[in-house]
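Examination of the molecular architecture
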Amino acid sequence: MEIAIIGSGYVGLVTGTCFAEVGHNVICVDNDERKVKALQSGTIPIYEPGLEDLVHRNVAARRLRFTTSIEDGVDNSQVIFIAVPTPPQSDGSVDLTYIERVAREIASVLKGYRVIVDKSTVPVKTGEKVADTIRRYNKAEAEFDVVSNPEFLREGCAVDDLMRPDRIVIGANSDRALALMRKIYEPFMAPVMVTDINSAELIKHAANSFLALKISYINAVSAICEASGADVQKVADGIGADKRIGRSFLSAGLGYGGSCFPKDIAAFIAISEQLGTPFHLLKEVQRINQNQRERFLKKLRDTLWVLKEKRLAVWGLTFKPDTDDVRSSVAIELVNDLTREGAHVVAYDPKGIEKVREFKLCPDTVLVSSALDAVRDAEALIIATEWKEFENVDFSEVRRLMHTPLIFDGRNLLDPNTMRDLGFQYHGIGRGTV
Ligand code: UDX
C-alpha cells in the first residue's frame with residue numbers, strides 16, 4: 001500500500017516507520033523543514049527504544065521517505081493519515097487549528113479518491129468536520145472518505161505497541177475505505193474492531209480517561225492506606241488479581257503526567273460539557289491527581305520541617321521511565337514546587353536532562369549527570385520517576401554520600417525493608433506500616 005503520514009511527531013513518525021516495516025511504502029510529511037532535513041540525514045528527533053534502527057532500515061530499503069510537500073504525499077498515496085498535534089486550550093478543550101489547516105491543505109491538492117484518516121486524538125465529531133472542510137475547499141470535487149483510527153501507543157514501548165497491538169479500531173462509514181484500512185493492518189494480525197466514526201473517536205478518549213481513573217482510584221486508596229497503616233502495593237495486588245479489574249495501571253505514585261492523559265481527560269470533560277452531558281467523575285480524577293503531589297509535598301514538610309535552603313536530590317524528571325519526554329511531567333512540577341519553596345534541588349535523569357535544559361523547564365535546579373552526583377550532601381533523596389537504573393545504584397554508597405539518609409520514594413520503586421536495613425528512613429506512597 002502507498003501511505004502518506006502528515007505530521008512527523010511522536011505518533012506520526014512511529015506509525016509511519018512501523019507501516020514501512022511491514023512492507024508498505026510510506027511518505028512522512030512535515031512542514032518543519034529542519035525536522036525533515038534531520039530525518040532525511042538519519043537523525044531521529046525523539047528517543048524511543050528500537051525506533052532509530054527501524055527508521056534507518058526502512059529508509060535504506062526505500063520504503064520510507066520524508067518530505068515537506070503535502071502535494072507529494074497526497075499525489076503518491078492511497079491513504080493519508082493525519083497525525084498533527086492537538087494541543088489543549090486554556091479551558092481544557094482541544095485546539096483543532098492544525099487538523100483544520102491540514103484538512104484544507106489536503107483539499108487544495110486532492111485530485112482523485114483518497115482515504116483520509118484521523119490518527120490524532122480528537123474530540124468526538126471531529127471526523128464530520130474534517131469531511132465538511134475537505135468538501136468545502138476541494139475545487140476538484142474529488143471523492144474521498146474520512147476514517148477515524150485512534151492510536152494507543154505508550155511512549156517507551158511505542159514500537160512494540162504498534163507492531164503487536166491489542167486491537168485496531170477503525171471508525172469508517174464506507175466499505176471502500178474500510179477495505180483499504182483492513183489491507184494496511186492485515187500484516188499486524190491483530191483483532192480489528194469496526195465502528196462508526198464517532199464511536200472510534202470516543203473510544204480513544206474513553207480509554208485514556210478510564211486508565212487515568214484507575215490511577216486516581218489507587219492513589220486515593222493510597223491515602224487511606226497511609227492513614228490506616230495498610231500497604232497499597234498489597235491492596236493493588238489483591239484487587240488486581242480479579243480478572244475483571246486487572247493489576248495494570250494500579251501503581252500508586254505521584255500521579256499521572258505526560259502529553260496524553262492530562263490533556264485527554266481535560267478534553268473529554270470539555271466535549272462532554274459541550275454536548276450537555278458533563279462528566280463530573282473525571283473532574284474528581286483530575287483533583288485526586290493534583291492532590292497526590294500535594295500530599296507528597298506535605299510528607300516532605302512534615303519530616304524535613306522547613307524546605308528552604310535544604311539540599312534535596314531528585315532522581316527522575318521524565319513523565320515516566322524509558323522516554324526522554326518531559327512534557328507535563330509530575331516530576332518537573334514537583335521539582336519546581338520545591339525550588340519555589342527555596343529548596344536547593346540537584347536532579348538527575350537518565351534520558352531527560354537535555355530536554356529539560358533545552359526548554360528551561362527547571363530553571364532553578366542543578367542538573368547533574370549521575371545518580372550518585374545528585375545525592376552528594378543531600379538532606380533527602382526523592383524518587384520522582386521509576387527508572388530501572390535507580391534500583392541498581394549502590395545504596396551503601398548513597399548512604400555514605402548523603403548528609404542525612406532520608407528517602408522519599410514517589411513511585412514505590414524501592415523495597416522499604418531493604419532501605420531501612422541499609423540505615424535509611426524510608427517514605428513510600430501508601431505504605432503505612434512497612
Ligand atoms: C498513554 C496511554 O497508555 C496510551 O494508550 C495512549 O495512546 C497515550 O497515553 P503514555 O502517555 O505513553 O500512554 O503513558 P502511560 O504508560 O500510559 O503512563 C501515563 C502516566 O500514568 C505516567 O505519568 C505514568 O507514570 C502514570 N502511571 C501509569 C501511574 O501513575 N500509575 C500506573 O499504574 C500507570
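Look up a bit, the structure's there.
Notes on the structure in this doc start here. (Residues numbered from 1 in each chain as written. Predicted model: local features only at pLDDT ≥ 70, side-chain atom pairs only at ≥ 80, totals over all residues. Heavy atoms only, no water.)

Looking at the overall build of the protein chain
Secondary structure summary: the protein chain contains 18 helices and 14 strands in total. On C-alpha atoms alone, the protein chain measures out to a radius of gyration of 24 Å, which is about the 22 Å that the 2.2 N^0.38 rule sets for 434 residues. On the principal axes, the C-alpha backbone points of the protein chain span a range of 70 × 50 × 40 Å. The 434 residues of the protein chain split such that 55% are buried. Of all intrachain contacts in the protein chain linking residues separated by at least 6 positions in sequence, the fraction that spans at least 24 positions is 73%. When the accessible surface of the protein chain is totalled, it reaches about 19500 Å², and 51% of it is carbon and sulfur. (Helix = DSSP H or I, 4+ residues; strand = E, 2+ residues; numbered from the N terminus. Rg over C-alpha atoms; globule rule 2.2 N^0.38 Å. Buried < 20%, exposed > 50% of the residue type's maximum accessible area, 1.4 Å probe, protein only. Contact = heavy atoms within 4.5 Å. Areas by Shrake-Rupley, 256 points an atom, 1.4 Å probe, with all protein chains shown as cover.)

Some thoughts on the packing of aromatic side chains
The tally for this structure, following the rule as stated, stands at 12 aromatic pairs. Ring geometry for Phe 249 and Phe 261: centres 6.2 Å apart, planes at 55 degrees, overall tilted. Remark: Phe 261 occurs in helix α11 (residues 261-274) and Phe 249 occurs in the loop between α10 (232-240) and α11; sequence separation between them is 12 residues. Given a relative accessible area of 12%, Phe 261 falls into the buried group. Between Trp 315 and Phe 395, the aromatic rings sit 5.8 Å apart at their centres with planes inclined by 55 degrees, giving tilted as the arrangement. (Phe/Tyr/Trp six-rings, centres within 6.5 Å; stacked < 30°, edge-to-face > 60°.)

Topic: the environment of Leu 300
Relative to the elements of secondary structure, Leu 300 occurs in helix α12 (residues 280-304). Distance in space between the C-alpha atoms of Leu 300 and Ile 382 is 9.3 Å, their sequence separation being 82 residues. Ignoring sequence-local partners within four residues, the contact set of Leu 300 consists of Trp 305, Leu 307, Leu 338, Ile 382 and Phe 408.

Considering the nonpolar core
Residues Phe 81 and Met 181 are the most contacted members of the largest nonpolar core, which totals 42 residues. Element by element, the count of residues in this core is highest for helix α1 (residues 10-21), at seven residues. Apart from the residues within four sequence positions on either side, Met 181 is in contact with Val 79, Phe 81, Val 115, Val 117, Val 147, Asn 149 and Ile 170. Counting 36 residues, the second-largest nonpolar core is a separate cluster that includes Ala 236, Leu 304, Leu 312 and Ala 380. (Core = buried A, V, L, I, M, F, W, Y, C linked by side-chain atoms within 4.5 Å.)

Points about the state of the cysteines
Scanning the entire structure with this criterion turns up zero disulfides. The thiol of Cys 28 is not disulfide-bonded; the next cysteine sulfur, from Cys 18, is found 11 Å away. Judged by its relative accessible area of 0%, Cys 28 is buried. (Disulfide = S-S within 2.5 Å.)

Structural notes on the site of the ligand
Residues in close proximity to the ligand total 19 residues, the closest being Leu 153, Glu 155, Ser 251, Gly 257 and Lys 320. In this structure, an oxygen atom belonging to the ligand sits 3.4 Å away from a main-chain N or O atom of Leu 250. Within the contact set of the ligand, an oxygen atom lies 2.9 Å away from a side-chain nitrogen or oxygen of Lys 320. Its free accessible area being 660 Å², the ligand has 92% of it covered by the protein chains. No other element matches the three residues that helix α9 (residues 197-228) contributes to the shell around the ligand. Class assignment for the residues of the shell around the ligand results in nine nonpolar, four polar and six charged. Shared between two domains, the shell around the ligand takes at least three residues from each, and those domains are domain 1 (2-195) and domain 2 (239-427). (Near = heavy atom within 4 Å. Polar contact = N/O pair within 3.5 Å; in protein donor to acceptor, adjacent residues only side chain to side chain. Nonpolar A, V, L, I, M, F, W, Y, C, P; charged D, E, K, R; others polar. Domains from an automatic or database assignment.)

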